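Structural overview
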Amino acid sequence: MALLSETVIDIKHWTNKTFSFKTTRNKTFRFKNGEFAMIGLEVENKPLLRAYSIASPNHEDHLEFLSIKVPNGPLTSKLQHIKLKDEILINSKSTGTLVCDYLLPGRNLFLLSTGTGLAPFMSIIRDPETYEKFNKVILTHTVREVKELAYKDFLENLNNDQLYSEITKGNFLYFNSVTRENFERTGRITTWINENKLTNYLNIENFDPKLDRVMICGSEDMTFDLKTLFEKKGSSEGSTQIQGGFVIEKAFAEK
Ligand SMILES: Cc1cc2nc3c(=O)[nH]c(=O)nc-3n(C[C@H](O)[C@H](O)[C@H](O)COP(=O)(O)OP(=O)(O)OC[C@H]3O[C@@H](n4cnc5c(N)ncnc54)[C@H](O)[C@@H]3O)c2cc1C
């Protein structure tokens, strides 16, 4: 395990609450799409690290992260001010449960996210293997306000993207909804799934626990509610040890 130092090569502020950035990538740093690593800054001569999902796919030669800005957060109150050419510390050991290998083989893959829980799925939806393993890849992103829908334009156009259209072959479906504003789609993802509203809206097969697989990444409440929902539907949780119908990772730890 080594602490690598990478250089910031791109920064995008989405809102006053979220931003994303890209860094260089040491050739020795390997990860599975969907995993997270400990990253951070040197503060008072010591590394200050937090868990971050890697948003870029592992075939890219850079790394990308989507970050919250927590007011007074030990790391993000500083991280949100990074500039081009700044150094980011990255622990070379990546891990996590949101990896296709930990799911049973299946028909359609549902990637359900809220807030920065989108990050690991940004990696998975750009992985050619995801489309070899599943017929359709459905990504949902729920946030409070429309402006928090990070990567919305990119996701809406992924099937037409010069590079990724070859990989998705039209089998990528993007769905978003907001909970605190008027929008074309409002409400929590649990409501959309519970009543088959999501699959009807997308005009795809209704969720079948025997065939369809799910990854969940969001707040503690969201992950708990969806775990309960999919268990009720007859799906079982997978882990790094045993394949299952769904896998979960909390997008952050509540204090
Ligand atoms: C497995 C895992 C993966 C993670 N991946 C990401 C990621 O890709 N992007 C990211 O921004 N954060 C991610 N986090 C959270 C991250 O580790 C830090 O908590 C976050 O960067 C804030 O750091 P901080 O030191 O400023 O504040 P902290 O002291 O770490 O957090 C303070 C409080 O802020 C809130 N908070 C922290 N992170 C978030 C968040 N992402 N969204 C909403 N509220 C939050 C929580 O209430 C937390 O108790 C992940 C956490 C885990 C456990």
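I will try to describe carefully the structure that is included in this document.

The rules we used
Residues take numbers from 1 onward in each chain, read along the sequence in its written order. Given that this is a predicted model, residues contribute local features only at a pLDDT of at least 70 and side-chain atom pairs are listed and counted only at 80 or more, while totals for whole chains, interfaces and linings are drawn from all residues. The side-chain numbers reported here are obtained from all heavy atoms of the structure, hydrogens and water having been left aside. Near is defined per residue: the residue qualifies when any heavy atom it owns lies within 4 Å of the molecule or strand. N or O atoms within 3.5 Å of each other form a polar contact, as long as, within protein, one can give a hydrogen and the other can take it, and as long as residues adjacent in sequence are counted only when both atoms are side-chain atoms. Each accessible area is a Shrake-Rupley estimate made with a 1.4 Å probe; only the visible protein chains count as cover when residues are assessed. Helix and strand assignments come from DSSP, with helices taken as H or I runs of at least 4 residues and strands as E runs of at least 2, each series counted from the N terminus. Think of it in three bands: residues with accessible area under 20% of the maximum for their type are buried, residues over 50% are exposed, and the middle band is partly exposed, with areas taken using a 1.4 Å probe on protein chains only. We call two residues in contact whenever any of their non-hydrogen atoms come within 4.5 Å of each other. Strands were regarded as paired on the criterion that DSSP finds at least two bridges between them. Think of each axis as a best-fit line through the C-alpha atoms, taken over the contacting stretch in the case of a helix, with angles from 0 to 180 degrees between the N-to-C directions. Grid points spaced at 1 Å and placed over the protein atoms alone form the basis of the search, with a cavity being a set where a 1.4 Å probe fits but cannot get out and a pocket an open set showing protein on both sides within 12 Å along at least five of seven lines. Lining residues have an atom within 4 Å of a point. Grid points are joined across faces, edges and corners, and a volume is the space filled by probe spheres set on the points. In this classification, the charged set is Asp, Glu, Lys and Arg, the nonpolar set is Ala, Val, Leu, Ile, Met, Phe, Trp, Tyr, Cys and Pro, and all remaining amino acids, among them Gly, are polar.

Attention shifts here to the site of the ligand. Around the ligand, 21 residues are found, and the nearest of them are Ala-51, Tyr-52, Leu-66, Thr-76 and Lys-255. In this structure, an oxygen atom belonging to the ligand sits 3.1 Å away from a main-chain N or O atom of Ser-53. When the ligand is considered free in solution it has 860 Å² of accessible area, and contact with the protein chains removes 83% of it. Elements supplying a minimum of two residues to the shell around the ligand: strand S4 (46-53) and strand S5 (62-68). For the shell around the ligand, the leading source of residues is S4, giving four residues.

Once that is clear, we can look at the environment of Thr-142. Mapped onto the secondary structure, Thr-142 falls in strand S8 (residues 136-143). We classify Thr-142 as buried; its relative accessible area is 5%. As for Thr-142 and Met-122, which are separated by 20 residues in sequence, their C-alpha atoms are 14 Å apart. For Thr-142, the contacting residues outside a window of four places in its chain are Ser-113, Thr-114, Gly-115, Ser-177, Thr-179, Gly-187 and Ile-189.

With antiparallel pairing, the six strands of this open sheet are ordered in space as S4-S3-S6-S1-S2-S5. Two strands in the sheet have a free side with no partner beyond their single neighbour: S4 and S5. The sheet shows a mean angle of 40° between the axes of neighbouring strands, taken without regard to direction. As defined by bridge partners, strand S3 (residues 36-43) adjoins strand S6 (residues 87-91) across two bridges and the pair is classed as antiparallel. Within S6, the position partnered with Gly-40 by the bridge is Leu-89.

Rolling a probe over the atoms, with the probe sized like a water molecule, indicates the empty space that remains. Applying the stated criterion across every chain yields a total of one cavity of 30 Å³ or more. For the largest cavity, the full set of lining residues is Phe-110, Trp-192, Ile-193, Asn-196, Leu-198, Thr-199, Phe-207 and Phe-230. Among the elements of the structure, helix H6 (189-194) and helix H7 (197-202) are those that each provide at least two residues to the lining of the largest cavity. For the lining of the largest cavity, the per-class residue count stands at six nonpolar, two polar and no charged.

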